[in-house]
Amino acid sequence: MGKQKIVVATFILIALNLMIGAFFMTRKSRAPQTPELVTPKLAVAAVRGSSIFYTPEARDALRAQKPTLVNPTEERAFFQAEQNPALWRQLDHRLHFDALLLSGDANAYAPLLRHLLDSRDFVLTYLDQTSVIFSRRPAVEWSIGMLDAVKQQFAGAQRAPFLVGAANKLLALGMTQQAKSYLDEAISLDGDSPDTRTQLALYHAQIGQWAQAMENCERALSSDKNYTPALNAKAQILFGSKRFNEALVVSRHIVEESPRDPSALFLDAKIAHQAHAYQHEIETLHALIELAERDGAPVSGYRIYLGQAYAADSQAQPSLEQFQKALDTGDLSPEQRKFVEESIARIKSRTGS
């Protein structure tokens, strides 16, 4: 099952990525809350073209600054395509995007981001603390000097949170050296900032330095033991270092504080699976599906995980039901469909059903 779990983890619709950390766009910064700092205002100004793919966090800024680029009839498909590169390719074939404006937490669009980084027809052209932009070739490729120029727009109390947010995006793109440089500067400006320490913890986690990651996480929590971003990071760090039972204690605490946060619930389910707490995982995944269906979000990825959880708990019939429901949605990628079909066949073979 190990290889199969990796296959599903690669294509799950709401994947959490340790290297990114879901906190920058939602945290309460001590810096002045200017639109330039906490919304994609600068990125929207930089995007070029008439056909733009965008994430939910970019929508309001687009409506305010470039309303002609908003495409409400396609937004549901847009927001599903964040996690489904095959669907995104179908949209691009039909709408021929000039650019992609990816704002907010990079966890939400991690599969699409990986696809774009491997793409030959789109290139990274912009990055700031809230967003990245990919443009169709030919286009001027992004360089770190461009980010340094954006940095000059943020001084005083705004500089450190800008650096932390930019480092967050650099890490999402796998640019660890550049991210560390920005984090070092942020530490020099505000070494006690929980935001900075949390992002530094995630940097160390990304390169496998678990002790340093946990040290910075604890420093972030020293001023507020319930600081949600640092608790999220701590749970992910414990997960990454295979301390699953300890991670589950932390993730349960996070869910108690945020019982309707999909990212918190998914992290809890993922940790519960590794801790072999399958009943807890099943309950959490059912809660996630209920939330997603209420919000009109896709649930097939959750159902794949739920099917796995039931199978791990030796509940063959519920497992088959969840796998079949995932198939029936018709929105699985070829890899997901293959995995689900093989899982159904394997369970039926074992149970004789």
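Everything numeric in this text was worked out from a predicted model, so none of it was measured.

Draft legend 1. Broad picture of the overall build of the protein chain. Looking only at helices and strands, the protein chain has 19 helices and four strands in total. Taking 353 residues into account, the globule formula puts the C-alpha radius of gyration at 20 Å, and the protein chain, at 20 Å, falls close to it. For the protein chain, the C-alpha atoms occupy an extent of roughly 65 × 50 × 30 Å along the three principal directions. Counting only residues that meet the buried cut, the protein chain has 54% of its 353 residues in that class. Long-range pairs, those at least 24 residues apart, make up 60% of the contacts in the protein chain with a sequence separation of at least 6. Accessible area of the protein chain: about 15500 Å², with a carbon and sulfur share of 51%. Here the protein chain carries 38 positive and 39 negative side-chain charges, and the mean point of each set is 2 Å from the other.

Draft legend 2. Representation of the nonpolar core in the model. Within the largest apolar cluster, 56 residues are counted, with the highest numbers of intra-cluster contacts made by Phe53, Trp88, Leu100, Leu101, Leu102, Phe134 and Phe162. Apart from the residues lying within four places of it in its own chain, the contact partners of Phe162 are Leu37, Gln129, Leu147, Val150, Lys151, Phe154 and Tyr182.

Draft legend 3. The arrangement of the pattern of salt bridges in detail. Scanning all chains against the criterion turns up 15 salt bridges. For the salt bridge of Arg89 with Asp92, the shortest nitrogen-to-oxygen distance reads 3.6 Å. With Arg89 and Asp92 both in helix H6 (residues 85-95) and three residues apart, this pair spans about one turn of that helix. The closest approach of N and O atoms between Arg136 and Asp92, which form a salt bridge, is 2.6 Å. Within this pair, whereas Arg136 is found in strand S4 (residues 131-136), its partner Asp92 is found in helix H6, the two being separated by 44 residues in sequence. You'll find Arg136 and Asp92 in the same group, each marked buried.

Draft legend 4. Geometry of the environment of Pro229. By the element assignment, Pro229 lies in helix H13 (residues 228-240). Overall, Pro229 belongs to the buried group, its relative accessible area being 12%. In the structure, Pro229 is positioned 70 residues away from Arg159 in sequence and 20 Å away in space, judged by C-alpha atoms.

Draft legend 5. Region of interest: the packing of aromatic side chains. Counting across every chain of the model gives 12 aromatic pairs. Each ring, one from Phe266 and one from Tyr302, has its centre 6.1 Å from the other, and the planes form 45°; the classification is tilted. Separated by 36 residues along the polypeptide, Phe266 in helix H15 (residues 262-274) and Tyr302 in helix H17 (residues 300-312) bring together distant segments of the chain. Tyr302 sits in the buried class, given a relative accessible area of 5%. For the pair Phe323 and Phe339, a centre-to-centre distance of 6.4 Å together with 75° between the ring planes defines the contact as edge-to-face. Separated by 16 residues along the polypeptide, Phe323 in helix H18 (residues 316-328) and Phe339 in helix H19 (residues 334-351) bring together distant segments of the chain. A single burial state applies to Phe323 and to Phe339, both of which are buried. An aromatic cluster is present here, built from Phe53, Tyr54, Phe78, Trp88, Phe97 and Phe122 joined pairwise through their rings. Taking NZ or CZ as reference, Lys151 lies 5.3 Å from the ring centre of Tyr182, over its face.

Draft legend 6. Looking closely at the pairing of strand S2 (residues 99-103). Burial within S2 is extensive, with five of its five residues counted as buried. The sheet contact formed by strand S1 (residues 52-54) and S2 spans three bridges and is parallel. Following the sheet pairing, Tyr54 is matched in S2 by Leu101.

Draft legend 7. Structural detail: the environment of Arg136. Owing to a relative accessible area of 18%, Arg136 belongs among the buried residues under this scheme. Separated by 12 residues in the primary sequence, Arg136 and Leu124 have C-alpha atoms spaced 9.0 Å apart. Dropping the residues within four chain positions of it, Arg136 is found in contact with Asp92, His96, Phe97, Asp98, Asp121 and Phe122. Within the structure, Arg136 has its side chain in polar contact with the side chain of Asp92 (distance 2.6 Å).

Draft legend 8. Molecular detail of the sheet that holds S2. Reading across from one edge, S1-S2-S4-S3 is the order of the four strands in this open sheet, with mixed pairing throughout. A single partner strand is all that each edge strand has here, and the edge strands are S1 and strand S3 (122-127). Pairwise comparison of adjacent strand axes, ignoring direction, gives a mean angle of 20° for this sheet. In the sheet, S3 pairs with S4 via five bridges, with the strands oriented antiparallel. Within S4, the residue paired with Tyr126 across the bridge is Ile133. Along the sheet, H6 contacts S1, S2, S3 and S4; its crossing angle with S3, the most-contacted strand, is approximately 95°.

Draft legend 9. Highlighting the packing of helix H9 (residues 159-172) against helix H11 (residues 194-206). Where H9 contacts H11, the two axes come as close as 10 Å, and the packing angle between them is 20°. As summarised for this structure, H9 and H11 are arranged roughly parallel, according to the angle between their axes. Handedness of the crossing formed by H9 with H11: left-handed. Where H9 approaches H11, its residues Val164, Ala167, Asn168 and Leu171 are matched on the opposing element by Asp195, Thr196, Gln199, Tyr203 and Gln206.

What counts and what doesn't
Residues numbered from 1 in each chain as written. Predicted model: local features only at pLDDT ≥ 70, side-chain atom pairs only at ≥ 80, totals over all residues. Heavy atoms only, no water. Helix = DSSP H or I, 4+ residues; strand = E, 2+ residues; numbered from the N terminus. Rg over C-alpha atoms; globule rule 2.2 N^0.38 Å. Buried < 20%, exposed > 50% of the residue type's maximum accessible area, 1.4 Å probe, protein only. Contact = heavy atoms within 4.5 Å. Areas by Shrake-Rupley, 256 points an atom, 1.4 Å probe, with all protein chains shown as cover. Lys, Arg positive; Asp, Glu negative; His and termini not counted. Charge placed at Lys NZ, Arg CZ, Asp CG, Glu CD. Core = buried A, V, L, I, M, F, W, Y, C linked by side-chain atoms within 4.5 Å. Salt bridge = Lys/Arg side-chain N within 4 Å of Asp/Glu carboxyl O. Phe/Tyr/Trp six-rings, centres within 6.5 Å; stacked < 30°, edge-to-face > 60°. Lys NZ or Arg CZ within 6 Å of the ring centre and 35° of its normal. Pairing = 2+ DSSP bridges. Polar contact = N/O pair within 3.5 Å; in protein donor to acceptor, adjacent residues only side chain to side chain. Axes fitted to C-alpha atoms, helices over the stretch in contact; angles between N-to-C directions. Parallel < 35°, antiparallel > 145°, perpendicular 65-115°, else oblique. Left-handed = near helix turned anticlockwise from the far one by under 90°.

As far as function goes, none of this settles anything; it's purely spatial.
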